[in-house]
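# A structural walkthrough
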Amino acid sequence: MMSWQPVQAEGLEQILTLLRQSQSPDTQIQRQVQARLESLNQYPDFNKYLVYILTKLIDEQEATRSLAGLILKNNAKSHYEKFPDEVRLYIKQECLLALGDRSPLIRATVGILITTIVTKGSLEQWPVLLEQLYSCLDSPDINLCEGAFGALQKICEDSADQLENAPSQPLNVLIPKFIQFFLHSHPKIRSHAIAKKGSHIWKNDYFVYYHNCVNEFITPRAAALMSNIDKFLENLFQLANDTDSDVRKHVCRALVMLVEVRIERLIPHMQQIIEYMLLTSQDTDDAVALEACEFWLMIADQPICRDVLQPYLDKLLPVLCKNMKYSEIDIIILQGDIDEDEHIPDRIEDIRPRFPRSRTRQHTQHSLENNSTDQLNNATDTNNNSTTATPPNSQSDQHLPDEDDGEDDDDEGAGGNADQATEWNLRKCSAAALDVLSSVFREGILPMLLPILREMLFHTNWQIKESGILVLGAIAEGCSFGLAPHLPDLVDYLIKCLDDKKPLVRSITCWTLSRYSTWIVHNEAQQNRFLVPLMFELLKRILDANKKVQEAACSAFATLEEEACVQMVPYLKQILETLVHAFRKYQAKNLLILYDAIGTLADSVGSHLNRPDYIELLMPPLIERWNLLRNDDKDLFPLLECLSSIATALQTGFLPYCEPVFGRCILLVQQTIESSGVDSTPDKDFMIVALDLLSGLAEGLSAHIDSLVERSNLLPLLERCAQDPMAEVRQSSFALLGDLTKACFRHVHKHLNFFLPLLTQNLDPHHVSVCNNAIWAIGEISIQIGAEIQPFVSIILESLILIINRNNTPKTLLENTAITIGRLGLVCPNDVSSQLQRFIRPWCVALRNIRDNDEKDSAFRGICNMIILNPLAVTNEFIYVCDAIASWEKPPMELHAKFRDILQTFKQEFGNEQWKQLTDRFPLPLKQRLQMHYGV
């Protein structure tokens, strides 16, 4: 054993003084102390002093000792490999000796230090560690036992792969040991000291460590756990009714994880498990009820869901509905009783960070298929920066309202308690569960749910009424068919609720109405009855005196904009007046949502926005905001996105504003590139949003952008951006390249020897959006340069053929790929037609559902050229060719003639009898369209 003592007492005292001073609330003192502590890292023995303070000075304040350990942990994390061998040996030795310290905080700090060393090195480099921890588990010294389990739990969290793959197979010993301790008779063993992250407040829950240790190996299906699964389940079930709420919580968590990875082991016990989860979903401890509620989300994704849950729906549905009511503490946290708060400035921590959306380009803008469901999903998806708010940290992808009052604070010790309203909670989980279950059981749940819903909606308690409106929103998609007869009355009721005196009722009503916007807009029988009244009521709520209502109304209105599109045009003046008024009312957080609503409006009504009176209303507040924001202010992100949509919609109407906007975008891109270096990582989001706004300018202004591009260094900058290692930067770069190709090709032409090889290198479907935009840009370039693209055709075509034949390729990527193949065939038919047999079927399938437009025309003219050159390639797939031809509503005259000639030629080649046999196998509508339009 290595013995060490501080060489200088004054040196030890100096470090102690710094550690005590670092706890000062004065930030200036903190910075000075931090600098001095960092300067001490040049002395090799500094880390020995730190571990000595942590483990030996038992009469020193806990906070000071723990801080020494955390500084040592950070040092180890940064440069453990540079520690001298004797320092490493001393730290390891003293950590193991301090596992049984009388202070829970010091034991936890020692555990953190141990797992950091394991993570930076490996278990094999510390061979005695696990053996010593094993031996401590059986110690009669409860502190030592707790310390060992704490360290093991952290190792299980941070180094599960090491434990599972270690040659010594430690899990074969550890997991049976953990399972054995589930039922330990000593209360301290089942009630272990577990620290909340960053907090010095400890909670007795010993079982949690054992159970967490095992849970770390459920999802990865660790072999050692799977071989002990029966014993694990046996002991787990015995803990189901434990008096300790944290034990019950972790029992639920383990069962939920097992549903995902080993449901076959649970099936024999499923009846008891469901009954247990039903009971536990009503636990008086919300944390336990939340863990139980996760079970319904997980089971809904399993094939057995309908069979196993059907008998319990009459019990489960009331539980979920009841759990969706705000608690009194929720209302206090959300300040739900404050009617008017629009005058109160937002705190910085209330404003959720926003991330820019890189542009995805496509040749085909509209599909013949009904995409209303997709649009609603996109509007409410948590990974989409749309205007419809959803809960952060959702553990399932459900479309729920955002009732947060700020972002999660992941480290309570850094800034006080995290706002409970931001957390994934019982209300959100229950609503998400009801959402997914309604998608499984559809209208089958309505006979049980409608009576509950009716009672909730008309309840005198506003909190129950509010939760009823949430229930109605949660089942909007799953039960849409069964609810249809009730929707006229329900929507009428909801529109009235927008005027409720309670802000939380008004805000949830906005969200729920947005969930029914598809029906409101597209149901012709009811359209006139509800669309306009809803639009004007939402506009009133956009100007509500309550910030949460403003936010919900803005989000709901954006969803309505997406659905209604040009139906909004007659009301643009009133809409713009309201949104501009909101600029003067809104605090910082809701301004971000307002930008989204304005951008969505521009996307939805397009060039209808290009009227002088509308422009005079809309642009001054946006430009005023534009001028106020610095280049490093992240509030630029949503404003740039908004301006991009507006520039595209206004077209030449944006000309008075284009020069300063264009110049600033160039500056943002250039500053980001210049700040990139070996030792710096600039925030590339600024570059992404600037590139996207430049795309919007190019798309909207078209040839009018030519002079701005000519006077700038945009193309050399774009060359740099297109090589960026970040996929989102390349995605936006290729979108801009395609837009510039359409708007001012003469400037792009000079750089094609650089861009075309780069585009071919990015035809990787694993990066869907980058690949999509690269394909789109190639298609636009091919139309411009014609046969000049021939040297690149073979390598491009090979990648495109692989993509179009690939399983599970996103629809937009397939459509763009097919159109670019067609365009290559238009300009280089001899090169492409030789490969026609390899892609003709998926090509036809990809383009049969897109609307008639110029892009589709160019692609079909290309495929016609290829068929004429290589007709044998399509003989076996001729029905697909006919189906694609018949997908045209009204082809241009030249294309119609090509179609007729091809069909007549094939009819002659087949002969009348064989042609009749072939077409008799066609679906009747296809056969009729070919006869009607092409006479075959």
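Residues numbered from 1 in each chain as written. Predicted model: local features only at pLDDT ≥ 70, side-chain atom pairs only at ≥ 80, totals over all residues. Heavy atoms only, no water.

Under an unreviewed UniProt entry, the name given to the chain is Transportin-1, and the organism recorded is Rotaria magnacalcarata.

### Remarks on the nonpolar core
The criterion, for reference: Throughout this description, the term nonpolar core refers to a set of buried Ala, Val, Leu, Ile, Met, Phe, Trp, Tyr and Cys residues connected via side-chain atoms within 4.5 Å. Three exposure classes are used, based on accessible area relative to the maximum for each residue type with a 1.4 Å probe and protein chains only: buried under 20%, partly exposed in between, and exposed over 50%. In this analysis, two residues are considered to be in contact whenever any of their non-hydrogen atoms come within 4.5 Å of each other.
The biggest cluster of nonpolar side chains holds 245 residues, and the ones touching the most others in it are Trp296, Phe654, Leu697, Ile789 and Trp843. Setting aside residues up to four positions removed in sequence, Trp296 forms contacts with Ile274, Met277, Leu278, Ser281, Leu309, Leu316, Leu320, Ala433 and Leu437. Phe46, Tyr90, Val118 and Phe149 belong to the second-largest nonpolar core, a separate cluster that totals 49 residues.

### A short note on the packing of helix H28 (residues 487-497) against helix H29 (residues 503-515)
If you want to describe how two helices pack, look at the angle between their axes and the distance between the axes. Rules: In this description, a line fitted to the C-alpha atoms serves as the axis of each element, helices being fitted only across the stretch in contact, and the angle between N-to-C directions of two axes falls anywhere from 0 to 180 degrees. The way it works is that DSSP assigns letters per residue, a run of H or I at least four long becomes a helix, a run of E at least two long becomes a strand, and they are numbered from the N terminus. Handedness of a crossing follows from how the near helix is turned relative to the far one, being left-handed for an anticlockwise turn of less than a right angle and right-handed for a clockwise one. When residues are sorted by character, Ala, Val, Leu, Ile, Met, Phe, Trp, Tyr, Cys and Pro go into the nonpolar class, Asp, Glu, Lys and Arg into the charged class, and all the rest, Gly among them, into the polar class.
Across the interface, H28 lies against H29 with an axial gap of 9 Å and an inter-helix angle of 145°. Between H28 and H29 lies a crossing of left-handed hand. In this structure, H28 contributes Val491, Leu494, Ile495 and Cys497 to the contact, and H29 contributes Val505, Arg506, Thr509, Thr512 and Leu513. Class assignment for the residues of the contact of H28 with H29 results in 6 nonpolar, 2 polar and 1 charged.

### Concerning the environment of Leu123
Mapped onto the secondary structure, Leu123 falls in the loop between helix H6 (104-120) and helix H7 (128-137). Overall, the relative accessible area of 7% leaves Leu123 in the buried class. In this structure the C-alpha to C-alpha distance between Leu123 and Ile155, which are 32 residues apart in sequence, comes to 9.8 Å.

### Digging into the side chain of Gln463
Within the secondary structure, Gln463 sits in helix H26 (residues 462-474). For Gln463, a relative accessible area of 7% puts it in the buried group. When sequence neighbours within four positions are dropped, the list of residues in contact with Gln463 reads Lys325, Tyr326, Glu328 and Ile331.

### Here's the deal with helix H43 (residues 752-761)
What H43 keeps buried is the set Leu752, Phe755, Leu756, Leu758, Leu759 and Thr760. Buried residues belonging to H43 abut helix H40 (714-721), helix H41 (727-743), helix H42 (745-749), helix H44 (768-785) and helix H45 (790-804).

### A few points about the packing of aromatic side chains
The line we're drawing: Two rings belonging to Phe, Tyr or Trp (six-membered ring only in the last case) form a pair when the distance between their centres is within 6.5 Å. Interplanar angles under 30 degrees mark stacking, angles over 60 mark edge-to-face geometry, and anything in between is tilted. A ring has a charge above it when a Lys NZ or an Arg CZ is no more than 6 Å from the ring centre and no more than 35 degrees off the ring normal.
The tally for this structure, following the rule as stated, stands at 22 aromatic pairs. Ring geometry for Phe910 versus Trp915: centroids 6.2 Å apart, planes at 40°, classification tilted. Using a relative accessible area of 4% as the deciding quantity, one classes Trp915 as buried. Chaining the aromatic ring pairs together yields one cluster made of Trp843, Phe860, Trp888, Phe899 and Tyr934. The ring of Trp888 carries the charged tip of Lys856 above its face, separated from the ring centre by 4.8 Å.

### Describing the pattern of salt bridges
Spelled out, the test is: Put simply, a salt bridge is a Lys or Arg side-chain nitrogen that is within 4 Å of an Asp or Glu carboxyl oxygen.
Taken as a whole and assessed by the stated rule, the structure comprises 39 salt bridges. Here Glu13 makes a salt bridge to Arg20, at a shortest N to O gap of 3.1 Å. Between Arg711 and Glu659 there is a salt bridge whose closest N-O contact spans 3.5 Å. With Arg711 in the loop between helix H39 (706-710) and H40 and Glu659 in helix H37 (residues 655-675), this residue pair connects regions lying 52 residues apart in the sequence.

### Description of H37
Since the α-helix packs 3.6 residues into each turn, any two residues three or four apart lie on the same face. What counts here: Given a helix with a known number of residues, its expected span is that number minus one, times 1.5 Å.
Taking 1.5 Å per residue as the helical rise, H37 with its 21 residues ought to reach 30 Å, and the 31 Å between its terminal C-alpha atoms agrees with that figure. All of the buried residues along H37 are Cys658, Val661, Phe662, Arg664, Cys665, Ile666, Leu668, Val669, Thr672 and Ile673. Among the structural elements, helix H35 (612-628), helix H36 (636-650), helix H38 (685-701), H39 and H40 are those in contact with the buried residues of H37.

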